[in-house]
Structure formats: C-alpha cells, structure tokens
Amino acid sequence: MDGAVEKLHKLTERDLEDAIKIPGRCIELLNSPDSQLERFPLHVLGPFLLQAVKETRNAGQKIEFHPLGIARLSFSDSRHSTGYHLHLFSHDWPTNNGQIETPHTHRFTLLSKILKGRLQNRIWKITEDPNGEYMSIPVESNPTTSDLAINEARPVSIELGEVKDVNEGEVYSMGIGECHTTEYEDDVMTLIRKIYINPRSNITAPRVGDAADVGVDQDHYAYPEELQRLGWARIETYLKSLSSKGKPKINSNFK
C-alpha cells in the first residue's frame, strides 16, 4: 500500500473505519505520529483501537504493569518508540512496594487524550537548590537498547504551579523536561502520542542522600499471566464502551 502514510494529516473518520477492515492497517497508523488520531471523537476511536488491541494481543504483545499502577500497551516493539501507546491507570494494579507517583519529568514530548475517566495534571516548577529534595539528572539514552547513561546530578527544589482537570475526550500535552504528577480516583485510560524522544535531556527524581532514585528499569516491570488476562479484558471493555459516546443523537419522536 505505497504512499498510504504520506498524507496522514488528512485522515478522515471514514479512513479509520476502513482501516479496521485491512489487517495491520490500524497498527500502521498507530505507529505513525503524524496521524493525529487524538483529534477524532471517542465513538470513532473506540472500534479502531479495539481492532488494534486485538491484533496486538494476537501478535503476542504483553501489557506492561508499571510499579506506579499503570498498565501500558505499546503498539510497536518498544515502549521507548514514538507513535501511540495505551495507558490504563488503576488503583487495582499492584505497585512496587507501595511506591507512589512523585513529581517527575519525561524525555519526550507527548499528547494524551482521555478515553475514559478524568484526571488532574499537576505541573511543578523546578529551581536549583543545594538543599532541594529532588535531583536533576542529565541523561543520554542508547538508541538501540534504550539504556540510560546517567551523568552527575544537581539538587533542585520543586513548587506546585499549574493544576488542570482533564476530562473524558479532552487532550493535554507535556513538553520534554516539564515536571508533573497525575492524580485520579477511578480508572483512567489514555491514548498517548509520543512525538519526539530526546536522547539527551534532564530527568527529575527524588533525592536519596547525594544521589537520586531514578525509578525502575524494564526488568522490574511486571508481566504475570493473571494480570495479563485482567488487563486485556478491562482495556477491551472500556474500548467497546466508546462506540456510543459522542455520536449525534437521532430524534425518534415521530408521530
């Protein structure tokens, strides 16, 4: 299908409906950041993403369970790649020794569309501070393995800045190096588009003595079979529920 991804910015709702009928086409579009899928309404995204999820599962892809309570499904071979990823936040997922989310930065620019639920996105201001409780760490990633080379860190302090409530169907964005946390009560599912991953950037992590706790690497992600079954079932259930959301209402009061 030569040239199929040349003009993705002109994708229509009919294109997404047609993609469902072509094996591999949904995955192809999800691996192309220029497709701008977040601009489509939920009732169109639901069946499209459901087909992609089924194909991804049949291909043997695993859901990753982040120790902060996030089920993450990548539509590519790596969670480190650009393109689209599904995130399902839930307090039902096991965490890493009760680990909770702390203010942190990302090495990529992202757009996040809320497919289900609502969350609060909190932006934190970073200031250099020798007595700060956080560390800013220059890092460089290996483009082949995604391993991080961590350089000398410097202490910083953080202060809460903007707080934004993001509701179902809405989109929020985060730039490289922006420090944030997300808070939610009930399950939240988002479609994440990673636009650009910077191999050289700074990440922010809690300070432990004169070092920093930079989190967990891939070896610490959980893949237990019982969680896989629960994760797939919940993702598919939520996507199926999107089919009826946002559709134009038809007046049936005929006399």
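Residues numbered from 1 in each chain as written. Predicted model: local features only at pLDDT ≥ 70, side-chain atom pairs only at ≥ 80, totals over all residues. Heavy atoms only, no water.

Student: How would you summarise the sheet that holds strand β11 (residues 188-197) if you had to cite specific residues and measurements?
Tutor: Taken together, six strands build an open sheet; the order of strands is β1-β2-β3-β11-β4-β9 and the sheet is antiparallel. Looking at the sheet topology across the chains shown, the edges are occupied by β1 (64-66) and β9 (171-174). Between one strand axis and the next, the sheet turns by 25 degrees as a mean value, whatever way the strands run. The sheet contact formed by strand β3 (residues 83-89) and β11 spans seven bridges and is antiparallel. Residue pairing in the sheet places H85 in a bridge with I192 of β11. In the packing of helix α3 (residues 42-58) onto the sheet, the strands contacted are β2 (70-74), β3, β4 (108-116) and β11, and the crossing angle to β4 comes to about 110 degrees. (Pairing = 2+ DSSP bridges. Helix = DSSP H or I, 4+ residues; strand = E, 2+ residues; numbered from the N terminus. Axes fitted to C-alpha atoms, helices over the stretch in contact; angles between N-to-C directions. Contact = heavy atoms within 4.5 Å.)

Student: Describe the pairing of β11, with residues and values.
Tutor: In terms of burial, β11 is a largely internal element, seven of the 10 residues being buried. Relative to β11, β4 is paired through eight bridges, and the arrangement is antiparallel. Note that in β11 the partner of K113 across the bridge is L191. (Buried < 20%, exposed > 50% of the residue type's maximum accessible area, 1.4 Å probe, protein only.)

Student: Can you explain the confidence of the model for the protein? Please cite residues and give values.
Tutor: When pLDDT is averaged along the protein, the result is 81; 79% of the residues meet or exceed 70. Considering only residues more than four positions removed or in separate chains, one finds that residues 216-220, a stretch of pLDDT under 50, has seven contacts. Across residues 249-255 the pLDDT falls below 50, and counting only partners more than four positions away or on other chains, this stretch makes zero contacts in the model. (pLDDT = per-residue confidence, 0-100.)

Student: Describe in detail the nonpolar core, supporting the description with residues and values.
Tutor: Within soluble globular proteins, side chains that are nonpolar generally end up buried alongside one another. L30, L37, F48, F75, L86, L115 and L239 are the most contacted members of the largest nonpolar core, which has 35 residues in total. Counting residues per element, this core draws most heavily on α3, which supplies eight residues. Excluding anything up to four places from it in sequence, L30 contacts L37, F48, L49, A52, F75, G83, Y84 and L191. The next biggest cluster of nonpolar side chains, apart from the first, holds 13 residues, and it includes L110, I114, V166 and I192. (Core = buried A, V, L, I, M, F, W, Y, C linked by side-chain atoms within 4.5 Å.)

Student: Tell me about the pattern of salt bridges, residues and numbers included.
Tutor: Using the criterion set out here, one finds 12 salt bridges in the structure. With a shortest N-O distance of 3.6 Å, R122 and E183 are connected by a salt bridge. In this pair, R122 is assigned in strand β5 (residues 119-128) and E183 in strand β10 (residues 179-183), connecting sequence segments 61 residues apart. Here R122 falls in the partly exposed class, since its relative accessible area comes to 22%. (Salt bridge = Lys/Arg side-chain N within 4 Å of Asp/Glu carboxyl O.)

Student: How would you explain the packing of aromatic side chains if you had to name every residue and give the values?
Tutor: The relative placement of two aromatic rings is captured by the distance of their centres and the angle of their planes. According to the stated counting rule, one finds two aromatic pairs in the structure shown. Seen in terms of ring centroids, F65 and W93 are 5.1 Å apart; in terms of plane orientation they differ by 75 degrees. Their pairing is edge-to-face. Note that F65 is positioned in strand β1 and W93 in the loop between β3 and β4, a separation of 28 residues in sequence. Comparing F65 with W93, the two get one shared label, buried. Note on F89 and Y184: the rings are 5.6 Å apart at their centroids and 65 degrees apart in plane angle, and the pair reads as edge-to-face. One end of the pair, F89, is in strand β3; the other, Y184, is in the loop between β10 and β11, and 95 residues separate them in sequence. For the pair F89 and Y184, a shared accessibility class is recorded, and that class is buried. Here the basic side chain of K116 rests over the ring of Y238, its NZ or CZ set 4.9 Å away from the ring centre. Its guanidinium or amino end placed over the ring of F108, K194 lies 4.4 Å from that ring's centre, counting from NZ or CZ. (Phe/Tyr/Trp six-rings, centres within 6.5 Å; stacked < 30°, edge-to-face > 60°. Lys NZ or Arg CZ within 6 Å of the ring centre and 35° of its normal.)

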